[in-house]
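Next come the chains, spelled out residue by residue.
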Amino acid sequence: MKVAVIGSNSFSGSDFIDLLLENKENEVIGISRSPEKSALFLSYKRHNSNRFQFHQLDLNHDGPKIIALLDLFKPDYVVNFAAQSEVAPSWEHPEQWFQTNVIALINLVNTLKDRQYLKRYVHISSPEVYGTCVGNITESSPMNPTTPYAASKAAADLLLFTYVKNFQFPLIMIRSTNVYGAHQQLWKIIPRAAIYLKSGKKISLHGGGTAVKSFVHIRDISKGELLAMEKGSPGSMYHLSPAKGFAVRDIVRIICDRMNQDFESATESVGERLGQDAAYVIDSTRARQELGWKPAISIEEGLLDVISWVERNWNQIKNESLEYVHKP
């Protein structure tokens, strides 16, 4: 297969590339607006493969160059992970979230709809569009976004489906829950908890950490995305999620236990984030039945994987920034 991955520097995008490169017959190009990251954050670098090429291009500013590159490469599949994806900062400059997640996206898709080489366009959406998840949230559940980030993703999703209806655009949409694993951005709660424990810092739990998240290992999600890309029905959406969620405080407690730290003394409760959804649990029956997908990595195994990664790379990690830096 020939696959173009937009947002290749992202945690999810880079792991998907790593999975693709395990098949010696795949050719992959990666596109991201920032320079290629180090191997600490890019698992695919272990392959050191000439079947992968990286291109630094910005979806907001380099649209024609991206299209020219795609027309030259002629990928069977385009998988788009690129987005302004942090939730809390989206309140500060919401227009930038809409610029990337809606305007730049539709400029890309409006051109790709006419490309005959394209078999599937896989779009990475977010369950954030549902707001707080109450009851059984399936792919047909109504959207109820509660943050500018979620609203921008909802707008993009609605727009993409108009291209399915009117142009038979070969869309596959993915909404997966809270991914985690080695190589993740350090400010995310799971790696940050392990890093803070090693550094002797208090772990802040927003709202006491009572919000329920559906944590699922990144490799399980990448495998689901690959199945959907190859076997999914065009015009369809697939949820990828574990069978149950965990309160954030319970996840941090497991990490504390595995690192021989006392949970109560290692954590502190702070105010809840604006727009924080109380629960983030969705139904993945469709992916399980149609694609044969299900998570294989237990939460305990996955958390140990992250802790081990932090331990192995501590000399580098301890010098890295632990704060999210917004790039407009």
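Residues numbered from 1 in each chain as written. Predicted model: local features only at pLDDT ≥ 70, side-chain atom pairs only at ≥ 80, totals over all residues. Heavy atoms only, no water.

Visitor: Help me out: how do you make sense of the overall build of the protein chain in this one?
Guide: Check the secondary structure of the protein chain and you find 11 helices and 14 strands. The C-alpha atoms of the protein chain give a radius of gyration of 19 Å, which matches the 20 Å a tight globule of 328 residues would have. Dimensions along the principal axes, computed over C-alpha positions, put the protein chain at roughly 60 × 45 × 40 Å. Put simply, the protein chain has 328 residues, and 56% of those count as buried. Nonlocal contacts in the protein chain, meaning residues at least 24 apart in sequence, comprise 81% of its contacts between residues at least 6 apart. Side chains of the protein chain carry 36 positive and 35 negative charges; the gap between the two charge centres is 3 Å. (Helix = DSSP H or I, 4+ residues; strand = E, 2+ residues; numbered from the N terminus. Rg over C-alpha atoms; globule rule 2.2 N^0.38 Å. Buried < 20%, exposed > 50% of the residue type's maximum accessible area, 1.4 Å probe, protein only. Contact = heavy atoms within 4.5 Å. Lys, Arg positive; Asp, Glu negative; His and termini not counted. Charge placed at Lys NZ, Arg CZ, Asp CG, Glu CD.)

Visitor: Even after reading the chapter, I still don't get the packing of aromatic side chains, so can you show me in this structure?
Guide: Given two aromatic rings, one states the distance between the centres and the angle between the planes to describe the pair. Counting across every chain of the model gives five aromatic pairs. Consider the rings of phenylalanine 16 and phenylalanine 81, whose centres lie 5.8 Å apart with planes at 50°: the pair is tilted. Of this pair, phenylalanine 16 sits in helix 1 (residues 11–21) while phenylalanine 81 is found in the loop between strand 4 (77–80) and helix 3 (94–112), placing the two residues 65 residues apart along the sequence. Summarising the burial analysis for this pair, phenylalanine 16 and phenylalanine 81 share the class buried. With 4.6 Å between their ring centres and 50° between their planes, tyrosine 44 and phenylalanine 52 make a pair best called tilted. Take tyrosine 44 and phenylalanine 52: they sit in the same class, and that class is buried. Lying across the ring of phenylalanine 73, lysine 2 places its NZ or CZ 4.7 Å from the centre. One Lys or Arg, lysine 37, reaches over the ring of phenylalanine 41 and ends 5.9 Å from the middle of that ring. (Phe/Tyr/Trp six-rings, centres within 6.5 Å; stacked < 30°, edge-to-face > 60°. Lys NZ or Arg CZ within 6 Å of the ring centre and 35° of its normal.)

Visitor: Where do I start with the packing of helix 5 (residues 189–199) against helix 10 (residues 299–312) in this structure?
Guide: Helix packing geometry: the angle between the two helix axes and the distance between the axes. Between helix 5 and helix 10, the least distance of the axes is 10 Å, while the angle of their chain directions is 50°. Put simply, helix 5 runs oblique to helix 10. As helix 5 runs across helix 10, the sense of the crossing is right-handed. Residues Ile190, Pro191, Ala194, Ile195 and Lys198 of helix 5 touch helix 10, and the partners they reach there are Leu303, Val306, Ile307, Trp309, Val310 and Glu311. Of the residues assigned to the contact of helix 5 with helix 10, the class counts are nine nonpolar, no polar and two charged. (Axes fitted to C-alpha atoms, helices over the stretch in contact; angles between N-to-C directions. Parallel < 35°, antiparallel > 145°, perpendicular 65-115°, else oblique. Left-handed = near helix turned anticlockwise from the far one by under 90°. Nonpolar A, V, L, I, M, F, W, Y, C, P; charged D, E, K, R; others polar.)

Visitor: Honestly, the side chain of serine 152 in this entry has me stumped. Any pointers?
Guide: Mapped onto the secondary structure, serine 152 falls in helix 4 (residues 148–167). By relative accessible area, serine 152 is classed as buried at 0%. At 2.7 Å, the side chain of serine 152 and the backbone oxygen of tyrosine 149 are in polar contact. Not counting the four nearest positions on each side in its chain, serine 152 is found in contact with Trp97, Phe98, Asn101 and Val102. (Polar contact = N/O pair within 3.5 Å; in protein donor to acceptor, adjacent residues only side chain to side chain.)

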